[in-house]
Amino acid sequence: MDPDYSAQDVARCDHCKTAIAQSYCDFCNVNLCKPCIGEHISHDYGKHIIVAIHQRKSTLIYPKCQTHQNEDCKYQCKECNISICSDCLASKHHNKEHEFVKLEEVYNTKKEQIQSDTEELENQILPAYEEIANELEMQIASLDEEYKKLTTEMSKQKEEIHREVDNAMEQMEKEIGEIKLKHHSLLQKHLDEIKQLQSFMQQTLLVLNEIEESNEVSKTNHFSSKNEEFSKLPPKVVASMPKFIPKQIEREELCSLIGKLTPLFSKLEERVFSPKKPDTSVRELLDEPEVLNTIKTGYEYLRSVYCLIEEHIWMSGETADIKCFNIQGVLQKTIQTKSRKFSNDIAVDRDGALLYSDGTTRTVYKVKNDQSEEIITLQGWKPANLCVTSSGDLLVTMCSDDYTQSKVVRYSGSTVTQTIQFDDKGQPLYSGNTKIKYISENRNLDICVADSGAGAVVVVNQAGKLRFRYTGYPSPTKNKPFTPIGITTDSQGRILTADSNNHCIHILDTDGQFLRYIDNCDLEYPLGLCVDSYDSLFVCEYKKGNVKKIRYSK
């Protein structure tokens, strides 16, 4: 749209600058009010082209002929690619065998191309770049967490090596203790032998002293000297102290023992732009849905799952930890709730930020780049379940503090834009006896709520008017009351709701007509549900703590 004129900005006269312009000079490209038209065309009357303001720029301005100065060029030579006038065509100034085309046709073709280029740029190319930018922002945002995991792995290796070094040193200290005992025993044995000989010598001295003082001939003559025996000194025990010989540690050798760090590798991969086409395909339901993956989350009681991409599958259960896994079941990151209590529900907004509701603090939080902020705080009500709509709004189910009332509130940012609580007769749309009311938006902008307290799926249109209630489908194999808990919608507008007590999932069409069950995938107490962009279904098994990825459509 021309920035000089729009429905919101009334065009002013370019001459007097104050009056509203009703006309336009297509030759001079100026806005004119009625009083100023006469003054404007008073000079060179013949050249001005006055049209209504809404027809401005409808008259083509042709280039002047280089040969015939007063003539407009309305033709183009296809061979020479130059503009020529009608006099050029009639004269000998241009080769008459050349093929000519009207400039107006070229102009109209170019205009169509420009319009097409504009639409393609706005609707196809720019959104593709936005997707690339968002992908890069997500990668940058996850760098700290990824490198933190890398250093954590190295820290584990460091602790393992320290543990092995401590064990080796303890073993060597034990060996030193054993050697010391042997050394001590060897020396002690020799000392005992020496002391025994000393004792014999002392006894011999006593005998010698007695004989020396005695006059008895017999004692003296029978004396036999032992000095020769005693003078033979016992052999000396030589025991060398053990030594610790430290091994020289080379840095490279040590690094090789610790492990190896691969270098950063990057390359440029060619992107191929392919215009997006509306998805008009019909994905029919499979006769036999199949489980594609099972992720063991470690939760004892698992409540919610949200799959943005298969590298970021968010889950929450009845702990303070909100976990993010990839499709292989590898934990990517963990976020703790502010209250250190479990969250009621989780969602992800269009910027990739995590949202979670906390009934303890009556607050909905937003977590981006590991920074948490409060976006909604309630009084007298507790936030329960969350849904980010196609327009970027946030739908929140909530219950009163006394658990007697429930409602759905739409937020744009932190601003309330809609409240859905009563039908046309003033009767409550939702039961008030339970706070768990999972919510999803259908592709036709219907708002679908799984009201387990009422035993019904309650669907209202975008304006909040009741469309229908689904209260289950009779089946001889489903003998427990219908208690819908988790709910989600797919690209076909189908509604999927978890019937936890009957261990199955109901699939409905957009008008609430039952289509089929998913009851062949060994589901046990299914609860939270979500569907990705490929219509793969992710199901929380409440008591097992598993998330199952299920293919249910072609």
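Definitions and cut-offs
Residues numbered from 1 in each chain as written. Predicted model: local features only at pLDDT ≥ 70, side-chain atom pairs only at ≥ 80, totals over all residues. Heavy atoms only, no water. Helix = DSSP H or I, 4+ residues; strand = E, 2+ residues; numbered from the N terminus. Rg over C-alpha atoms; globule rule 2.2 N^0.38 Å. Buried < 20%, exposed > 50% of the residue type's maximum accessible area, 1.4 Å probe, protein only. Contact = heavy atoms within 4.5 Å. Pairing = 2+ DSSP bridges. Axes fitted to C-alpha atoms, helices over the stretch in contact; angles between N-to-C directions. pLDDT = per-residue confidence, 0-100. 1 Å grid on protein atoms, 1.4 Å probe; cavity = no way out; pocket = protein on both sides within 12 Å on 5 of 7 lines; lining within 4 Å. Points joined across faces, edges and corners; volume = space filled by probe spheres on them. Nonpolar A, V, L, I, M, F, W, Y, C, P; charged D, E, K, R; others polar. Arc of directions from axis to C-beta. Expected span 1.5 Å × (residues − 1). Core = buried A, V, L, I, M, F, W, Y, C linked by side-chain atoms within 4.5 Å.

Quick word on the overall build of the chain
Right, so step 1: When its secondary structure is counted, the chain shows seven helices and 30 strands.
Right, so step 2: Since a compact globule built from 554 residues should have a radius of gyration of about 24 Å, the 46 Å found for the chain marks it as more spread out than a globular shape.
Right, so step 3: With the C-alpha coordinates aligned to their principal axes, the bounding extent of the chain is approximately 175 × 80 × 50 Å.
Right, so step 4: Expressed as a percentage of the 554 residues in the chain, the buried residues total 36%.
Right, so step 5: Taking all contacts inside the chain whose residues are at least 6 apart in sequence as the whole, residues at least 24 apart take part in 43%.

Section: the sheet that holds strand β26 (residues 504-508)
Right, so step 1: Pairing in this open sheet of four strands is antiparallel, and the strands run β24-β25-β26-β27 from one edge to the other. Single-partner strands in this sheet number two, and they are β24 (484-489) and β27 (514-518). Each adjacent strand pair in this sheet contributes to an overall mean axis angle of 25°, direction not counted.
Right, so step 2: Here four bridges tie β26 to β27, and the two strands are oriented antiparallel to one another. Its bridge partner lying in β27, leucine 508 is registered against phenylalanine 514.

Description of the sheet that holds strand β22 (residues 456-460)
Right, so step 1: With antiparallel pairing, four strands are arranged side by side in an open sheet as β20-β21-β22-β23. Of all the strands in the sheet, the pair left with one neighbour each is β20 (437-441) and β23 (466-470). Within this sheet the neighbouring strands show an average axis-to-axis angle of 15°, counted without direction.

Comments concerning the confidence of the model for the chain
Right, so step 1: Confidence along the chain averages 87 in pLDDT terms, with 95% of residues attaining 70 or more.
Right, so step 2: Between residues 1-8, whose pLDDT stays under 50, and residues either more than four places distant or in other chains, the model counts seven contacts.

Description of empty space enclosed by the protein
Right, so step 1: Enumeration according to the criterion identifies one cavity of 30 Å³ or more in this entry.
Right, so step 2: Approximately 30 Å³ is the volume found for the largest cavity.
Right, so step 3: Around the largest cavity sit Ser142, Glu145, Glu146, His312, Cys324, Gln332 and Lys333, which together line it.
Right, so step 4: When contributions to the lining of the largest cavity are tallied by element, the ones reaching two or more residues are α4 (143-213) and β11 (331-336).
Right, so step 5: Of the residues contributing to the lining of the largest cavity, the split by class is one nonpolar, three polar and three charged.

Examining unusual backbone geometry
Right, so step 1: Even without a glycine there, the phi angle at asparagine 369 is positive, about 55°.
Right, so step 2: Summarising the element assignment, asparagine 369 is placed in the loop between β14 (363-368) and β15 (371-377).
Right, so step 3: On the accessibility criterion, asparagine 369 (48% relative accessible area) is partly exposed.
Right, so step 4: Phi at tyrosine 403 takes a positive value of approximately 60°, unusual for a residue other than glycine.
Right, so step 5: Examined against the element boundaries, tyrosine 403 turns out to sit in the loop between β17 (394-400) and β18 (406-412).
Right, so step 6: Look at tyrosine 403 and you get partly exposed, because its relative accessible area is 35%.

Re the environment of isoleucine 322
Right, so step 1: Inspection of the secondary structure puts isoleucine 322 in strand β10 (residues 321-325).
Right, so step 2: Accessibility expressed as a relative area gives 1% for isoleucine 322, which makes it buried.
Right, so step 3: Separated by 179 residues in the primary sequence, isoleucine 322 and leucine 143 place their C-alpha atoms 19 Å from one another.
Right, so step 4: If we skip the residues at most four places from it in the chain, isoleucine 322 touches Tyr299, Trp314, Met315, Ser316, Lys333, Thr334, Ile335, Thr337, Ser343, Ile346, Leu354 and Tyr356.

Some thoughts on the layout of surface pockets
Right, so step 1: Approximately 580 Å³ is the volume found for the second largest pocket.
Right, so step 2: Lining the second largest pocket are 21 residues, with Ile161, Val165, Ile249, Leu254 and Leu257 sitting closest to its centre.
Right, so step 3: Contributing elements (two or more residues each) for the lining of the second largest pocket: α4 and α7 (251-258).
Right, so step 4: Considered class by class, the residues forming the lining of the second largest pocket number twelve nonpolar, three polar and six charged.

Some details on the environment of glutamate 524
Right, so step 1: Within the fold, glutamate 524 resides in the loop between β27 and β28 (526-531).
Right, so step 2: Of the residues examined, glutamate 524 reaches a relative accessible area of 30% and is grouped as partly exposed.
Right, so step 3: Along the backbone, glutamate 524 and arginine 283 are 241 residues apart, and their C-alpha atoms lie at a distance of 26 Å.
Right, so step 4: Ignoring any residue separated from it by four or fewer positions in sequence, one finds glutamate 524 in contact with His503, Glu541, Tyr542 and Lys544.

Quick look at helix α1 (residues 34-41)
Right, so step 1: Among the residues of α1, Cys36, Ile37, His40 and Ile41 are the ones counted as buried. Looking down the long axis of α1, one finds its buried residues gathered within 125° of arc, a one-sided arrangement. Of the exposed residues in α1, the ones pointing more than 90 degrees away from its buried face are Pro35 and Glu39.
Right, so step 2: Packing partners of the buried residues in α1 comprise β1 (23-25), β2 (30-32) and β3 (50-52).

Observations concerning α4
Right, so step 1: Between its first and last C-alpha atoms α4 spans 103 Å; for 71 residues at 1.5 Å apiece the expected length is 105 Å, and the two agree.
Right, so step 2: Buried residues along α4 sit against α5 (217-221), α6 (227-230) and β11.

Regarding the pairing of β10
Right, so step 1: The buried fraction of β10 amounts to four of the five residues, a majority that puts the element mostly inside the structure.
Right, so step 2: Judged from the four bridges that link them, strand β9 (residues 312-317) and β10 form a sheet pairing that is antiparallel. What sits directly across from serine 316, in β10, is isoleucine 322.
Right, so step 3: Between β9 and β10, which follow one another and run antiparallel, lie three residues.

Some words on the environment of arginine 163
Right, so step 1: If you trace the backbone, arginine 163 turns up in helix α4.
Right, so step 2: Counting along the chain gives 96 residues from arginine 163 to threonine 67, while the straight-line C-alpha distance between them is 94 Å.

Here's the deal with the nonpolar core
Right, so step 1: If you look at the biggest cluster of nonpolar residues, it comprises 16 residues, and the most contacted ones within it are Val457, Val459, Tyr470, Ile487 and Ile495.
Right, so step 2: Going through the elements one at a time, β21 (447-451), β22, β23, β24, β26 and β27 are the ones with two or more residues in this core.
Right, so step 3: Setting aside its immediate chain neighbours within four residues, valine 457 contacts Val449, Phe468, Arg469, Tyr470, Phe482, Pro484, Ile487 and Thr497.
Right, so step 4: Within the second largest apolar cluster, 14 residues are counted, among which are Leu355, Val364, Leu386 and Leu394.

What about the side chain of arginine 410?
Right, so step 1: Looking at where arginine 410 falls in the secondary structure, it is placed in strand β18.
Right, so step 2: Judged by its relative accessible area of 8%, arginine 410 falls in the buried class.
Right, so step 3: Excluding anything up to four places from it in sequence, arginine 410 contacts Thr389, Asp393, Leu394, Leu395, Thr415, Val416, Thr417, Gln418, Ile447 and Gln462.

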